[in-house]
Each structure stands twice: as C-alpha cells, then as structure tokens.
Amino acid sequence: MTSESLQPAPSTDQAAAKRRATIRTIAIGVVAVVLNVLAYALLPPDLARRLGAFSYLGVFLVTLLANATTIVPTPYIPIVACMAAQSDNLPLVIVAGALGSALGESVAFFVGRTGRAIIEETRFYLWVHRQLQHPWRAFVVLFGLSAPPNPAFDVAGLAAGALDVPYWLFFTAVFLSRMIRIGIIAAAGIQFCAAG
C-alpha cells in the first residue's frame, strides 16, 4: 500500500461545511448592505437636525456601539453620514467617529486576548493569523481590513487579541483606517444628506 492510498479523500461533509461557511459570509455582507440602505431610506428627515446638537458625542457613541457588536453588522453608516452633513466642524466629526469606531473594535481584540475565540479556523483566519505574527504586516493587514466596511474584520480583531499583538499597534491601525472610512462617510453625507 502506498501512502497515497492511506490518505482519506475529502468528505462531502467537509465540502458542504465550506460551502455553508462561504454562503454565511456572503449572506452577512448582503445583510449589512441591505440594513444600511434600509436605515438610510427609513431615517426620519429631521433626525440629523435633531441629533445635530450632539454631533460629536453622537457620532462617537453611534460608532462605538455599532463597532462593539462583534460579528453582527449594525447599520450606522447612514446615521453618521447625515449627522456629519449637519456638523459645523467636519474634522472633529471624523476624529470622534474614528475614535469611537476604534474603541468599539477593541471589544473583539480583548475577546481574542482572553483566549475565548468564537470563530472557527477558516483559511482566512489562518492567513490573518500568519500575517499578524509580524509587526509591520500586522499593521498593514489590520489597516487594510479595517478601512472598508468589512464584517471579516472581526476575525482579524479576534486573531490580533489571541496573538498578543500590542494594543497600541491594533488601535493605531484601526484608528487611522477608520479616519479614512468616516471621512468618506462624512463626504457622502454632505452629498446626500445635506438639508435644503
């Protein structure tokens, strides 16, 4: 008998599990997009005006709470966009939103740090795990995954915590990338949510 004949063929259960995981990931992305579009469409027209007095604190709290929910996408983008459109100081809104977002993402980081990872070891997780073992690559991967609205970033946050990536590196990468994200959201808010 050769060693090739001793290796089991990939089971149909494993293939089905991979398909389910892929479908689940795509479904989470679709749900996140749909929730954000619905939130934008269903926002009361005067919500941004009513929240305008709390724009800096409001943007901070909205992004903090939305990003603290691990795995479950929360539609905060339209709210932040319309609040930014009503603000007098856009740079402060961007910094407040990025700070709240980075602190919210820290939840996944600290869950990973406790060693109670709630994610299965997929190919993506293993790739992120390998990248986070090197400081410069860790920064680039965290920055790159954090900038776009990306539910897979929770996996990177969990892995960063589990691998004892320094918190300052995690926080800096997420904060800087979220400044870009919130800046784009604010620009979209000015374009689409500006009160006439």
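Residues numbered from 1 in each chain as written. Predicted model: local features only at pLDDT ≥ 70, side-chain atom pairs only at ≥ 80, totals over all residues. Heavy atoms only, no water.

## Here we look at helix H7 (residues 123-131)
Within H7 the residues assigned to the buried category are Tyr125, Val128 and Gln131. Down the axis of H7, the buried side of the element spans an arc of 125 degrees, and every buried residue falls inside it. Against helix H8 (135-146) and helix H9 (153-162) lie the buried residues of H7. (Buried < 20%, exposed > 50% of the residue type's maximum accessible area, 1.4 Å probe, protein only. Helix = DSSP H or I, 4+ residues; strand = E, 2+ residues; numbered from the N terminus. Arc of directions from axis to C-beta. Contact = heavy atoms within 4.5 Å.)

## Some points on the packing of helix H6 (residues 90-113) against helix H10 (residues 167-192)
At a minimum axis separation of 7 Å, H6 and H10 run at an interaxial angle of 135 degrees. Classed by the angle they form, the pair H6 and H10 counts as oblique. H6 and H10 meet at a crossing whose hand is right-handed. Among the residues making up the contact of H6 with H10, the classes are represented as 19 nonpolar, four polar and three charged. (Axes fitted to C-alpha atoms, helices over the stretch in contact; angles between N-to-C directions. Parallel < 35°, antiparallel > 145°, perpendicular 65-115°, else oblique. Left-handed = near helix turned anticlockwise from the far one by under 90°. Nonpolar A, V, L, I, M, F, W, Y, C, P; charged D, E, K, R; others polar.)

## Concerning the pattern of salt bridges
Per the counting criterion, the structure on display carries two salt bridges. Across the pair Glu105 and Arg178 runs a salt bridge, and its minimum N-O distance is 3.0 Å. With a gap of 73 residues between them, Glu105 in helix H6 and Arg178 in helix H10 connect regions that are remote in the sequence. Arg178 carries the same exposure label as Glu105, and that label is buried. Notably, a salt bridge pairs Arg113 with Asp164, separated by 3.2 Å at the nearest N-O pair. Here Arg113 is found in helix H6, whereas its partner Asp164 is found in the loop between H9 and H10, with 51 residues between them in sequence. (Salt bridge = Lys/Arg side-chain N within 4 Å of Asp/Glu carboxyl O.)

## What to know about the nonpolar core
Leu132, Leu142, Phe153, Ala160 and Phe170 are the most contacted members of the largest nonpolar core, which totals 21 residues. Elements that contribute at least two residues to this core include exactly H6, H7, H8, H9 and H10. Excluding residues within four positions of it along the chain, Ala160 makes contact with Phe109, Leu132, Leu142, Val165 and Phe170. Residues Ala66, Tyr76, Ala85 and Ala186 belong to the second largest nonpolar core, which totals 15 residues. (Core = buried A, V, L, I, M, F, W, Y, C linked by side-chain atoms within 4.5 Å.)

## Some remarks on the packing of H9 against H10
Relative to each other, H9 and H10 sit at 160 degrees, their axes nearing to 11 Å. Relative to H10, the element H9 is oriented roughly antiparallel. Along its contact with H9, which presents Phe153, Gly157 and Ala160, the element H10 presents Phe170, Val174 and Arg178. Broken down by class, the residue content of the contact of H9 with H10 amounts to four nonpolar, one polar and one charged.

## Things to note about helix H5 (residues 77-85)
Within H5, seven of the nine residues are buried, leaving the element largely enclosed by the surrounding structure. For H5, the complete set of buried residues consists of Pro78, Val80, Ala81, Cys82, Met83, Ala84 and Ala85.

## Some thoughts on the packing of aromatic side chains
On inspection of all chains with the given rule, the structure shows ten aromatic pairs. Between Phe109 and Tyr167, the ring centres sit 5.3 Å apart and the planes meet at 55 degrees, which makes this aromatic pair tilted. One end of the pair, Phe109, is in helix H6; the other, Tyr167, is in helix H10, with 58 residues separating them in the sequence. Looking at Tyr167, the relative accessible area reads 26%, which means it is partly exposed. Grouped by ring-pair contacts, the aromatic residues Phe109, Phe110, Phe153, Tyr167, Phe170, Phe171 and Phe175 constitute a single cluster. Here the guanidinium or amino end of Arg178 rests over the ring plane of Phe153, the centre of that ring lying 5.5 Å away. (Phe/Tyr/Trp six-rings, centres within 6.5 Å; stacked < 30°, edge-to-face > 60°. Lys NZ or Arg CZ within 6 Å of the ring centre and 35° of its normal.)

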